[in-house]
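Take a look at the letters that make up each chain.
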There are 4 protein chains.
Amino acid sequence: MDRRSGDDTGRIEAFSDGVFAIAITLLVIEIGVPHMNDAPLGATLFGELADQWPSYLAYVISFLQIGVIWANHHNRFRFIVRSDHGLLFLNILFLMCVAFIPFPTALLAEYLGETTTESATAGIVYAGSLMVTAFFFTLLWLYVAGSRRLLDQSLDLTIIRAMTRRYVLGMLFYILAFAISFVSLAASLVLLVVLALLFILPEASERTPERPSRRSQRRIR
Amino acid sequence: MDRRSGDDTGRIEAFSDGVFAIAITLLVIEIGVPHMNDAPLGATLFGELADQWPSYLAYVISFLQIGVIWANHHNRFRFIVRSDHGLLFLNILFLMCVAFIPFPTALLAEYLGETTTESATAGIVYAGSLMVTAFFFTLLWLYVAGSRRLLDQSLDLTIIRAMTRRYVLGMLFYILAFAISFVSLAASLVLLVVLALLFILPEASERTPERPSRRSQRRIR
Amino acid sequence: MDRRSGDDTGRIEAFSDGVFAIAITLLVIEIGVPHMNDAPLGATLFGELADQWPSYLAYVISFLQIGVIWANHHNRFRFIVRSDHGLLFLNILFLMCVAFIPFPTALLAEYLGETTTESATAGIVYAGSLMVTAFFFTLLWLYVAGSRRLLDQSLDLTIIRAMTRRYVLGMLFYILAFAISFVSLAASLVLLVVLALLFILPEASERTPERPSRRSQRRIR
Amino acid sequence: MDRRSGDDTGRIEAFSDGVFAIAITLLVIEIGVPHMNDAPLGATLFGELADQWPSYLAYVISFLQIGVIWANHHNRFRFIVRSDHGLLFLNILFLMCVAFIPFPTALLAEYLGETTTESATAGIVYAGSLMVTAFFFTLLWLYVAGSRRLLDQSLDLTIIRAMTRRYVLGMLFYILAFAISFVSLAASLVLLVVLALLFILPEASERTPERPSRRSQRRIR
């Protein structure tokens with residue numbers, strides 16, 4: 001099994017990166033060009049464009065989310081040096097969530113400016129989709145951290161535990177954002193943006209002083 | 001001819017991975033945002049979203065299928081160390097099937113909840129598309145296994161035969177799923193999901209004890 | 001300038017491969033799911049699907065075309081070891097043609113089964129688009145072959161000339177297919193398919209006996 | 001922090017390249033196939049296609065813009081040998097602008113041939129989007145150039161300053177194109193095309209005589 005490792009995680013990363021890059025770039029498709037023929041009399045194109053603010057907002061929020069998930073996925077795979085079928089399967093389920101994000105984004109864009117009931121539903125589905133994505137990401141990490149043989153053996157157990165805490169904590173905040181979405185869409189979206197900005201900050205493990213590791217050798221190729 | 005090998009299969013893999021990643025991510029496009037203006041009076045957005053369950057189901061099944069086909073394609077190319085024009089051509093035909101999958105998926109999503117005749121037609125086309133994809137994948141493998149010079153020379157003939165059995169058997173089950181789709185759409189879809197889950201399991205060759213091989217050296221670069 | 005070469009052609013190839021993979025996978029988007037609500041009374045889904053044969057045909061032909069153009073682009077870049085701004089610019093123009101192909105494909109799919117005038121127009125635009133693509137590919141090669149410093153210095157002049165002949169000849173046949181499209185759409189499409197199948201055949205240079213070259217060393221990394 | 005560098009910029013580049021390749025290839029989606037059923041009596045398909053000239057023009061201009069931005073992004077990352085969270089974040093914001101370009105392109109395509117007010121609005125949004133993209137690109141460079149530790153240490157300060165001048169100057173011209181778009185759409189578009197063509201020219205640093213550098217060694221892998 002060992003013989004396929006390095007290359008295998010490499011190709012899983014490359015495939016995942018492809019899915020991330022496409023999902024993030026497809027987000028723009030949900031922004032429709034306003035058709036002046038359907039617009040009320042006296043409407044200007046500028047006004048119609050301004051009325052589409054929910055589309056731009058949904059685009060920005062989702063772009064941030066997928067961008068940050070990508071950065072975290074990437075950071076995790078730097079520590080994963082081996083692959084097995086469980087990891088492969090969990091990663092496919094995780095990517096299934098990531099590639100799905102353009103749909104709740106389009107939903108949010110469509111209904112953010114509508115009646116309270118509809119925008120609430122859209123917000124709940126949106127926050128829920130991100131929560132499920134965070135759940136599978138955490139599951140992926142717990143699986144890898146649990147069966148340590150997939151991890152770089154030179155990794156400190158304290159670092160692994162710090163990461164587990166980080167992801168479980170993040171997971172709890174995504175659950176919180178989902179819960180809040182039932183009460184206030186705006187508060188939920190703000191929390192999601194804050195979460196994205198927090199997750200782009202350096203991890204504890206990256207603030208520790210450098211130390212030579214097997215990783216640096218893996219990077220040479 | 002030898003001089004292009006390693007690099008060539010590498011670029012065929014990279015191109016194929018791109019097609020896989022795009023086809024799998026395009027699946028989400030078939031899920032449309034429900035338009036409340038067209039909805040019957042009294043309908044809620046939540047209800048309309050729930051009514052779209054065929055779209056989500058089709059998304060999940062196709063994502064699994066393409067994900068598993070990708071994993072198998074990837075596993076096969078680990079053993080292919082040389083490329084020729086036959087392989088190049090068969091791989092293009094195979095990718096033509098993979099990139100086509102979003103269409104039968106959209107068809108299934110549209111008609112899964114409709115009248116029996118229409119959902120049956122959609123199911124037959126769906127199972128048929130996957131069967132044809134499996135057929136070209138098997139053909140690709142038979143071509144490579146037949147002209148062994150494209151394979152890693154250190155591969156045991158028993159391993160090659162085990163793989164051939166695996167793919168021919170899988171092919172037969174895809175034919176079965178296609179046949180069943182004429183009788184029961186649900187049974188056909190269940191079989192397709194089971195097949196995907198089975199094909200993500202480790203192969204016989206991967207359960208054998210490790211042994212040094214030329215492959216491990218190829219991975220170094 | 002030399003210092004950026006190897007890496008530069010590598011990244012141009014990777015970017016080009018991305019464009020090829022996306023353009024080829026986007027082709028499926030032009031195949032619409034038939035809507036039974038709009039269908040005439042008594043129509044079956046199977047019948048409506050069968051009526052869409054122009055879409056499937058256009059998909060297959062364009063997939064072959066882009067697949068073969070990809071293979072040829074790839075084969076050419078194996079000989080290009082240096083990049084300059086002219087090459088970069090010509091390659092962007094060439095990719096602009098490749099990424100455009102989904103549009104004439106959709107046009108052909110829409111009008112292939114329609115009145116003679118309209119299907120003729122669609123066929124002319126289709127053959128014309130492929131002709132312009134072939135033109136920029138030939139231009140790219142002539143530029144590279146002309147300023148030989150971009151090429152692998154170990155390449156025989158006879159091989160370079162054989163390739164130039166191959167591309168100029170191919171170019172002439174694409175012009176022929178364009179000319180024929182004014183008279184017979186079917187004949188033009190047949191010629192385009194034959195051209196694709198011919199261009200997937202081994203090149204003269206690949207049939208010559210192996211000889212060690214600088215290329216094999218470049219492949220090591 | 002150092003231990004992740006080389007690989008990290010590599011994966012940032014690969015992800016960015018994916019976004020560039022997808023955004024540039026999605027541009028073709030905005031070109032719709034004309035529907036003859038909606039066309040006025042006596043209209044020909046050829047005439048309807050010719051009437052779509054704004055779509056083709058918008059496609060060509062945006063393809064050039066994204067192609068040139070890609071080339072410049074690529075050239076810059078050749079000098080960036082380390083990554084940190086600021087760079088990661090600024091790059092995500094920059095890609096957010098790049099991936100957005102298909103939307104103003106579709107807007108321009110839709111309204112370029114319409115009434116003066118609407119085409120002016122579309123032109124202002126288009127030039128504005130490119131200006132914001134240029135702004136984030138310049139910001140990215142200023143960040144990297146400011147904290148020189150992310151840069152190849154062998155880079156001359158004069159080269160860094162020449163690049164800073166180049167980007168700040170380019171930025172000013174994009175602001176100019178935006179300002180002009182309020183007066184004349186045509187003049188603004190011409191300036192944008194000229195800017196793209198200028199930015200594809202060799203940089204000052206590339207015209208200096210070759211000298212061995214750490215970069216050439218990085219390229220070996």
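The numbering scheme is per chain: residues are counted from 1 as the chain's sequence reads. Labels follow written order: the first chain is A, the first ligand is 1, and so on. Only residues with pLDDT of at least 70 are given local features in this predicted model, and only at 80 or more are side-chain atom pairs given and counted; all residues enter the totals for whole chains, interfaces and linings. Each side-chain value is worked out from all heavy atoms of the structure, with water and hydrogens disregarded.

1. Overview of the overall build of chain A
1) Next: Each helix is a run of H or I in the DSSP string that is no shorter than four residues. Each strand is a run of E no shorter than two, and both are numbered from the N terminus. The secondary structure content of chain A amounts to ten helices and zero strands.
2) Next: Any two residues having at least one pair of non-hydrogen atoms within 4.5 Å are treated as being in contact. Of the contacts formed within chain A by residues at least 6 apart in sequence, a portion of 78% connects residues at least 24 apart.

2. As for the side chain of Ser-129 of chain A
Residue and element names in this part refer to chain A.
1) Next: On the secondary structure map, Ser-129 appears in helix α6 (residues 116-146).
2) Next: Reaching out from Ser-129, the side chain makes a polar contact with the backbone oxygen of Val-125 at a distance of 2.8 Å.
3) Next: Discounting residues that sit within four places of it in the chain, Ser-129 has contacts with Phe-100 and Pro-104. Polar contacts here mean pairs of N or O atoms no more than 3.5 Å apart (in protein, one a potential hydrogen donor and the other a potential acceptor; neighbouring residues in sequence count only if both atoms are side-chain atoms).

3. Side note on the interface of chain D and chain A
1) Next: Counting from both sides, the interface comprises 34 residues of chain D and, opposite them, 46 residues of chain A.
2) Next: Interface area for chain D against chain A, summed over the two sides, is near 3,700 Å², with a carbon-plus-sulfur share of 70%.
3) Next: Here a salt bridge means any side-chain nitrogen of Lys or Arg lying within 4 Å of a carboxyl oxygen belonging to Asp or Glu. Our enumeration of links across chain D and chain A arrives at zero salt bridges.
4) Next: Taken together, the links from chain D to chain A amount to five residue pairs in polar contact (both at pLDDT 80 or more).
5) Next: Among the elements that line the side of chain D that touches chain A, the one with the most residues is helix α1 (residues 5-26) of chain D, at ten residues. Accessible area that two parts lose when put together, with a 1.4 Å probe and added across both, is what the buried area reports.

4. Let's talk about the interface of chain C and chain B
1) Next: Each partner contributes to the interface: chain C provides 46 residues, whereas chain B provides 34 residues.
2) Next: Surface buried jointly by chain C and chain B totals about 3,700 Å² across both partners, of which 70% is contributed by carbon and sulfur atoms.
3) Next: Summed over the shared surface of chain C and chain B, the result is five residue pairs in polar contact (both at pLDDT 80 or more).
4) Next: Looking at the side of chain C that touches chain B, the elements with two or more residues in it are α1 (5-26), α2 (45-51), α3 (53-77) and α9 (204-207) of chain C.
5) Next: It is α3 of chain C that provides the largest number of residues to the side of chain C that touches chain B, a total of twelve residues.

5. Describing helix α7 (residues 157-181) of chain C
1) Next: Expected span of a helix, by definition, is 1.5 Å for each gap between consecutive residues, and there is one gap fewer than residues. Spanning 25 residues, α7 of chain C covers 36 Å between terminal C-alpha atoms, matching the ideal 36 Å at 1.5 Å per step.
2) Next: The buried label goes to any residue with under 20% of its type's maximum accessible area, the exposed label to any with over 50%, and the partly exposed label to all in between, with areas taken from a 1.4 Å probe on protein chains only. Among the residues of α7 of chain C, those classed as buried are Ile-159, Ile-160, Met-163, Arg-166, Tyr-167, Gly-170, Met-171, Tyr-174, Ala-177 and Ser-181 of chain C.

6. Considering the packing of helix α4 (residues 85-100) of chain C against helix α6 (residues 116-146) of chain C
Angle between the axes and distance between the axes are the two parameters that describe a pair of packed helices.
Residues and elements named next belong to chain C.
1) Next: α6 packs onto α4 with a crossing angle of 165° between their chain directions and a minimal axis gap of 9 Å. By the angle class used here, α4 and α6 are roughly antiparallel. When the axes of α4 and α6 are compared, the crossing they make is left-handed. Taking contact as the criterion, the partners of Gly-86, Leu-87, Leu-90, Asn-91, Leu-93, Phe-94, Cys-97, Val-98 and Phe-100 in α4 are, on α6, Ser-129, Val-132, Thr-133, Phe-136, Phe-137, Leu-139, Leu-140, Tyr-143 and Val-144.
2) Next: Under the convention adopted here, Pro, Cys and the residues Ala, Val, Leu, Ile, Met, Phe, Trp and Tyr are nonpolar, Asp, Glu, Lys and Arg are charged, and Gly plus all remaining residues are polar. Among the residues forming the contact of α4 with α6, the class breakdown is 14 nonpolar, four polar and no charged. To get an axis, fit a line to the C-alpha atoms, keeping to the stretch in contact for a helix; angles then go from 0 to 180 degrees between the N-to-C directions. Here the angle decides the label: under 35 degrees means roughly parallel, over 145 means roughly antiparallel, 65 to 115 means roughly perpendicular, and every other value means oblique. Should the near helix be turned anticlockwise from the far one by less than a right angle, the crossing is termed left-handed; should it be turned clockwise, right-handed.

7. Here's the deal with the packing of aromatic side chains
Within a pair of aromatic rings, the relevant descriptors are the distance that separates the centres and the angle that separates the planes.
1) Next: Two aromatic rings from Phe, Tyr or Trp, using only the six-membered ring of Trp, form a pair when their centres are within 6.5 Å; if the ring planes differ by under 30 degrees the pair is stacked, by over 60 it is edge-to-face, and anything between is tilted. Applying the stated rule across the entire model yields 48 aromatic pairs over all chains.
2) Next: Note on Tyr-59 of chain A and Phe-63 of chain A: the rings are 5.6 Å apart at their centroids and 50° apart in plane angle, and the pair reads as tilted. Of this pair, Tyr-59 of chain A and Phe-63 of chain A both sit in helix α3 (residues 53-77), four residues apart, roughly one helical turn. Note on accessibility: Tyr-59 of chain A and Phe-63 of chain A belong to one class, buried.
3) Next: Seen in terms of ring centroids, Phe-94 of chain B and Phe-137 of chain B are 5.4 Å apart; in terms of plane orientation they differ by 50°. Their pairing is tilted. Of this pair, Phe-94 of chain B sits in helix α4 (residues 85-100) while Phe-137 of chain B sits in helix α6 (residues 116-146); the two residues are 43 residues apart in sequence, bridging distant segments of the chain.

8. Remarks on the relation of the copies chain C and chain B
1) Next: Residues below a pLDDT of 70 in either copy are left out; the C-alpha atoms of the rest, at least 70 in both, set the least-squares superposition of the copies. Screw-axis analysis of chain C against chain B gives a translation of 0.0 Å along the axis, an RMSD of 0.0 Å, and a rotation angle of 90°. A rotation of that kind, with that shift, is consistent with a four-fold axis.
2) Next: Each copy contacts the other with its own distinct surface, as only 9% of the interface residues of chain C are interface residues in chain B too.

9. Quick notes on the relation of the copies chain D and chain A
1) Next: It takes a turn of 90° to lay chain D on chain A, together with a shift of 0.0 Å along the axis; the resulting RMSD is 0.0 Å.
2) Next: The fraction of interface residues of chain D whose copies in chain A are also interface residues is only 12%, indicating that the copies meet through different surfaces.

10. Concerning the confidence of the model for chain A
Residues and elements named next belong to chain A.
1) Next: pLDDT is defined as a per-residue confidence score from the predictor, taking values between 0 and 100. Looking at chain A, the pLDDT average stands at 84 and 87% of residues meet or exceed 70.
2) Next: Mean pLDDT values for the elements of chain A range from 38 in helix α10 (residues 214-218) up to 94 in helix α5 (residues 102-111).
3) Next: A low-confidence stretch, residues 1-6 stays under pLDDT 50, and its non-local contacts, those more than four residues away or across chains, total 16 contacts.
4) Next: Here residues 207-221 is a poorly scored stretch, pLDDT under 50, and it has 29 contacts once near neighbours within four places are set aside; other chains count.
5) Next: The ipTM, which scores confidence in the relative placement of chains, is 0.85 for this predicted complex, and the corresponding pTM is 0.87.

11. Some thoughts on a nonpolar patch on the surface
All names here are of chain A.
1) Next: Here, patches come from residues exposed beyond 30% relative accessible area and free of salt bridges, joined within 9 Å for like charges and within 5 Å for nonpolar side chains (Val, Leu, Ile, Met, Phe, Trp, Tyr). Here the accessible surface of atoms and residues is derived via Shrake-Rupley with a 1.4 Å probe, and residues count as covered only by protein chains that are part of the display. Judged by side-chain polarity, Leu-142, Val-168, Leu-169, Leu-172, Phe-173, Ile-175 and Leu-176 come together as a nonpolar surface patch covering roughly 570 Å² of accessible area.
2) Next: The element that contributes the greatest number of residues to the nonpolar patch is helix α7 (residues 157-181), accounting for six residues.
3) Next: Here Phe-173 is to be found in helix α7.

12. Some words on the environment of Arg-149 of chain D
Residue and element names in this part refer to chain D.
1) Next: For Arg-149, the location among the structural elements is in the loop between α6 (116-146) and α7 (157-181).
2) Next: Put simply, Arg-149 and Val-81 are 68 residues apart on the chain and 8.7 Å apart in space, counted from C-alpha to C-alpha.
3) Next: Residues within four places of Arg-149 in sequence aside, it is in contact with Arg-82 and Asp-84.

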